[in-house]
Amino acid sequence: MFGMSRSPVIVVLLAGIGAPAIAAEDPAKAEVKETLILAHYMPWFVAKPASPVWGWHWTMNAFDPERVDPATGRRQIASHFHPLIGPYDSGDPAVIEYHLLLMKLAGIDGIVVDWYGLSDLNDYSIIHRNTAAILAAAERIGLKLAICYEDQTIPRLVEAGRLAQGDRVKHAREMLAWLGEHWFRSPEYLRWNGRPVLLSFGRDGLSDREWQEVLPEVGAPVYLSEHRRRPRAEGGFDWPVPKEGIAAFDRFREESAAWPVRMPAAFVRFKDIYAEAKVHASYGELPDRGGSMLASTLGEALAGRPPFVQVATWNDWGEGTQVEPSAEVGFRDLETIQRLRRERIDRAFAPRGEDLRLALRLYHLRGIQAARPELRAKLDEAAVDLANGRIATSREILGRLESAALSPPEEDGPFLRPASGIAAEPTWGIKGGIAVGLWPNRGPRGLIRIYTPYLGQPRLTPMNFVAIEPIVGAARGLSELEPSRLDPGMPGKAMWSADRLQDATSPHDPSRPARGVVGEEDGHRSLRVFFGVEPFNHGARPIVEVAFREDRPHEVAFRVFAAEGSATMRSCILTATMGNYARLRVLSLKDRLVTAASIYHPFRPIVAGFAAHREWTLDELSLRDGRAIVAAAPDEADPTHATYDRDVHRGWHYRGDVATQYWSAPARAALVARVNARETYWASTAKIPGGVAFENLELEAPFESGQEFRFGIVRGSLRESGLLDVKPSR
């Protein structure tokens, strides 16, 4: 909402009825113990499926949220930006909780909510209902709260024949009286020296004279007007002015210095969509500057130690002023607020950027709650913990719930498939055999999980992970490590599932996985599903078909395709990334076995604890039935009885039988096998028992559409596995 736009505003910051008469205050004597950071909040969004239609603020009668970009999965909305959770309904309790917990974790003290009064003109009644829900939630979460009364509603009511011209002042008094009887009584309502603060936005509502008539001499709120101080005002608040830029910000700071009370604005940018939507001409633009606009305006506003600073805005998506996490910049702006709160207000402020993601995780679990009502009590507990700063406890609860929230896979003949019609684990495989999974199953994003319950591994415990690593030119993409662009701030590329190749190009809800297609292959029953992955930084867009056959219970086939619009891939490597868990140390080649200790002696890490890759060409690999094979196994008879250092996380403690892991692919002249190694576990300095072990195991061949790589895990050592029988080299 812009200062001269269609939406003039009033903000009421709590007061008691019967407050003392107004007296001018010397700003030098007004004690400011701590500046409160407020976020200006729009409660006007209407969206499916919470509502039957898409509201004006998402469409502006020019955009259609039913249209989805197949490359990004984003809906077409009236904004240059996209909410991280997608377009939402302001009355959705899960959305309200998500927003307010984010504010709490970001170091925001309170909210200023737009309110259009009690009339049912246009969408005013919807906004009233949403505002009531927001204020009630703010009380529970422990945020200060404020009401933003749109006095432009008064001339609109007159134009609609709902209000007589002579009753404008009377109507405003009635609205303020209602607020005094209801929301002003809240113990969380924001106060300034025991009296409410009232802000009127713009000049299109009540006149200066009318405001003098509305506000009584006794019991009146502390009245602030926008930019300049009206005759009846005790101070003012600021708002971004795109066509004046930072000059307007500086002018307000200078002029308001002598006012009894002031509320400077902090803002990240201004980039409205009005011209594109043909609402009216654009108000102009204030650049984002890579996030530095918010850092500078908030930093300078806090430096003046005013009683309040207003972040303008939390979620005005139409004007592009939002700091709410977006698909474009993720949590960046809230991390800026966290940092500045710690630097300027409270050095002990504990939440960090990674903690903001807990609110998002809770929001996603709320989406599952309808199908799993037994989760509600624990989700409520996690929310209370977040609101009260018990972040570690909330993280632990959410981790347990994420594992338990999704329905386990269903048996279908020889196969395991995701449950249908409900929130389900994205898990596919062979009953009693090998299986694969995707996030949100336990583990990092951007990786395919490999499960081997037939080896005695606990359910949903990955034996290994497979990363997708396409090469474009000389650049190698990393599905596990590249930051997501679909979910900014989240590490690892987003992945999803589809029953058909053509459907795997667009993102899908990971908690509503495709079930896969059961059919036949070479006379054997098969199960196939396609995994899509968001575009890599270098433009590659691979799609991976995953196939199981009942006659190969311990092997899964991966076939790689390129989505339309993908950058040209020189190759697309599928690499098994977690050899350290099983402590793979013996590698099978054509005529010999080699050990990690022999080829990595002395051990010399080159980056992040990894030693350099070693590779072998086709003529050095074992061949069977026209396929090249590279296999690796532990050198321990019983890896479950290893002695671990005390600082080794229990997740690295191996459980289950000894097993051999292998890749195979059609023998081609350019095919190579490759490994690297570590002597410490990933992302730690904890030593691997027994010394250096292989970490990544992979095959690489020039890219061809539909090329196949098979990954298998069979019980026993290399000799016991039946894969080969050669003598180890000396």
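Here the structure is shown first, and the text comes after it.
These numbers come from a predicted model, not from an experiment.

Q: So, the nonpolar core: which residues are in play, and what are the values?
A: The biggest cluster of nonpolar side chains holds 98 residues, and the ones touching the most others in it are Leu 100, Met 103 and Trp 314. For this core, the element with the most residues is helix α2 (residues 93-106), which contributes ten residues. Leave out the neighbours within four places in its chain, and Trp 314 touches Ala 39, His 40, Tyr 41, His 99, Leu 102, Met 103, Ile 108, Gln 322, Val 323, Glu 324 and Leu 334. Val 472, Ala 514, Tyr 644 and Tyr 654 belong to the second-largest nonpolar core, a separate cluster that totals 75 residues.

Q: I'd like to hear about the pattern of salt bridges, residue by residue, with values.
A: Evaluation of the coordinates by the stated rule reveals 62 salt bridges. One salt bridge connects Arg 162 with Asp 120, and the closest N-O pair in it is separated by 2.7 Å. One end of the pair, Arg 162, is in the loop between α4 (153-159) and α5 (168-181); the other, Asp 120, is in the loop between β3 (110-115) and α3 (124-141), with 42 residues separating them in the sequence. We note a salt bridge from Glu 213 to Arg 209, for which the minimum N-O separation is 2.3 Å. With a gap of four residues between them, Glu 213 and Arg 209 both fall in helix α6 (residues 208-214), about one helical turn apart. Where salt bridges share partners, they join Glu 521, Asp 522, Arg 528, Glu 545, Arg 549, Asp 551, Arg 552, Glu 555, Arg 559, Arg 627, Glu 708 and Arg 710 into one cluster.

Q: Give a description of the side chain of Arg 357 that names residues and reports values.
A: Relative to the helices and strands, Arg 357 resides in helix α11 (residues 353-369). Apart from residues lying up to four places away in sequence, Arg 357 is in contact with Phe 331, Glu 335, Gly 489 and Met 490.

Q: So what's going on with empty space enclosed by the protein? Which residues, and what values?
A: Enumeration over the complete set of coordinates arrives at four cavities of 30 Å³ or more. Space inside the largest cavity adds up to approximately 60 Å³. Put simply, the parts of the chain that give the lining of the largest cavity at least two residues each are β23 (542-549) and β24 (555-562). Counting residues per element, the lining of the largest cavity draws most heavily on β24, at four residues. Its residues assigned to classes, the lining of the largest cavity comprises four nonpolar, no polar and six charged.

Q: So what about the packing of aromatic side chains? Which residues, and what values?
A: Here the distance between the centres and the angle between the planes together describe a pair of aromatic rings. Within the structure shown, the criterion is met by 25 aromatic pairs. Consider the rings of Trp 58 and Tyr 88, whose centres lie 5.5 Å apart with planes at 85 degrees: the pair is edge-to-face. Of this pair, Trp 58 sits in helix α1 (residues 56-59) while Tyr 88 sits in the loop between α1 and α2, placing them 30 residues apart in sequence. The class for Trp 58 is buried, based on a relative accessible area of 0%. Judged by its relative accessible area of 3%, Tyr 88 is buried. Positioned above the aromatic ring of Phe 349, the side-chain terminus of Arg 341 is 5.7 Å from the ring centre. The ring of Tyr 600 carries the charged tip of Arg 614 above its face, separated from the ring centre by 4.9 Å.

Q: Outline the pairing of strand β21 (residues 517-521), listing residues and values.
A: Of the strand pairs in this sheet, β21 and strand β22 (residues 524-533) are connected by five bridges, and their pairing is antiparallel. Counted as the bridge partner of Glu 521 is His 524 from β22.

Q: Report on unusual backbone geometry, specifying residues and quantitative values.
A: The step from Trp 439 to Pro 440 runs through a cis peptide bond, and the omega angle for that step is 20 degrees. Position of Pro 440 relative to the elements: it lies in the loop between β16 (435-437) and β17 (447-451). A positive phi is found at Met 60, a non-glycine position, where the angle reads about 45 degrees. Judged by its relative accessible area of 3%, Met 60 falls in the buried class. Residue Arg 289 is not a glycine yet carries a positive backbone phi of 55 degrees. Along the chain, Arg 289 turns up in the loop between β11 (285-286) and α9 (292-303). Using a relative accessible area of 52% as the deciding quantity, one classes Arg 289 as exposed.

Q: A description of the layout of surface pockets should follow, citing residues and the corresponding values.
A: In this approach a probe as big as a water molecule rolls over the atoms, and the regions it shows empty are the leftover space. By volume, the largest pocket is sized at about 1900 Å³. Forming the boundary of the largest pocket are 48 residues, of which Gly 443, Pro 444, Leu 447, Glu 480 and Trp 682 lie nearest the centre. Broken down by secondary-structure element, the contributors of at least two residues to the lining of the largest pocket are α11, α13 (391-405), β18 (462-472), β28 (605-607), β29 (610-611) and β35 (693-700). Taken together, the residues that form the lining of the largest pocket break down as 23 nonpolar, 13 polar and twelve charged.

Cut-offs and rules
Residues numbered from 1 in each chain as written. Predicted model: local features only at pLDDT ≥ 70, side-chain atom pairs only at ≥ 80, totals over all residues. Heavy atoms only, no water. Core = buried A, V, L, I, M, F, W, Y, C linked by side-chain atoms within 4.5 Å. Buried < 20%, exposed > 50% of the residue type's maximum accessible area, 1.4 Å probe, protein only. Helix = DSSP H or I, 4+ residues; strand = E, 2+ residues; numbered from the N terminus. Contact = heavy atoms within 4.5 Å. Salt bridge = Lys/Arg side-chain N within 4 Å of Asp/Glu carboxyl O. 1 Å grid on protein atoms, 1.4 Å probe; cavity = no way out; pocket = protein on both sides within 12 Å on 5 of 7 lines; lining within 4 Å. Points joined across faces, edges and corners; volume = space filled by probe spheres on them. Nonpolar A, V, L, I, M, F, W, Y, C, P; charged D, E, K, R; others polar. Phe/Tyr/Trp six-rings, centres within 6.5 Å; stacked < 30°, edge-to-face > 60°. Lys NZ or Arg CZ within 6 Å of the ring centre and 35° of its normal. Pairing = 2+ DSSP bridges.

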